[in-house]
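The lines below spell out each chain.
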Amino acid sequence: MPVPFETSYGPREAVADWLRANGIHPDDVPFEGPITIEHGRIRYAALLRNEAGHRYQDPATGTAAREERTAPLTVEPPANVQVRATH
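Residues numbered from 1 in each chain as written. Predicted model: local features only at pLDDT ≥ 70, side-chain atom pairs only at ≥ 80, totals over all residues. Heavy atoms only, no water.

**A short note on the overall build of the protein chain**
Regarding its fold elements, the protein chain presents one helix and six strands. Each helix and strand of the protein chain, ordered N terminal to C terminal, gives the series β-β-α-β-β-β-β. The principal-axis extent of the C-alpha atoms belonging to the protein chain is close to 40 × 40 × 20 Å. Classification of the 87 residues of the protein chain by burial places 36% in the buried group. Of all intrachain contacts in the protein chain linking residues separated by at least 6 positions in sequence, the fraction that spans at least 24 positions is 48%. Accessible area of the protein chain: about 5,700 Å², with a carbon and sulfur share of 54%. Seen as two clouds, the 9 positive and the 12 negative side-chain charges of the protein chain have centres 1 Å apart. (Helix = DSSP H or I, 4+ residues; strand = E, 2+ residues; numbered from the N terminus. Buried < 20%, exposed > 50% of the residue type's maximum accessible area, 1.4 Å probe, protein only. Contact = heavy atoms within 4.5 Å. Areas by Shrake-Rupley, 256 points an atom, 1.4 Å probe, with all protein chains shown as cover. Lys, Arg positive; Asp, Glu negative; His and termini not counted. Charge placed at Lys NZ, Arg CZ, Asp CG, Glu CD.)

Here it is as structure tokens:
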């Protein structure tokens, strides 16, 4: 039986299920975040992909290319997913 993978927001599968429930593909979100809830929207860093669908590095930073995105919060996080709400 596989050992559950913990993220800073809770169990990986629980976080992934919650992101999916809100229309966000979990493979596009780094589990180290940031992920926050602000004014009824989920704010997160999205890993960018090129035309072929592959993630790529930002030449300026040498790290995975990311951009900030938001999505409507349609499903509240379950008790085992600890996403910070800001107002």
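Don't stop here, the text continues.
**Some words on unusual backbone geometry**
In this chain, glycine 33 is followed by proline 34 through a cis amide linkage whose omega measures 5 degrees. Along the chain, proline 34 falls in the loop between helix H1 (12–21) and strand S3 (35–38). Positive phi values are uncommon outside glycine, yet histidine 39 reaches one of about 50 degrees. Relative to the elements of secondary structure, histidine 39 occurs in the loop between S3 and strand S4 (41–47).

**Quick look at the environment of isoleucine 42**
The topology assignment puts isoleucine 42 in strand S4. For isoleucine 42, a relative accessible area of 0% puts it in the buried group. Between the C-alpha atom of isoleucine 42 and that of leucine 73, which follows or precedes it by 31 residues, the distance is 5.7 Å. Beyond its immediate stretch of four places on either side in the chain, isoleucine 42 contacts Trp18, Asn22, Ile24, Ile35, Thr36, Arg69, Thr70, Ala71, Pro72 and Leu73.

**Structural notes on the sheet that holds S4**
Taken together, the four strands give an open sheet; going across it, the order is S5-S4-S3-S6, and neighbouring strands pair in mixed fashion. The sheet terminates laterally at strand S5 (66–72) and strand S6 (84–86), the two strands that pair on one side only. When the angles between neighbouring strand axes are averaged without regard to direction, this sheet yields 30 degrees. Examined bridge by bridge, S4 and S5 share seven bridges and lie antiparallel to one another. Bridging across to S5, arginine 41 finds its partner in proline 72. (Pairing = 2+ DSSP bridges. Axes fitted to C-alpha atoms, helices over the stretch in contact; angles between N-to-C directions.)

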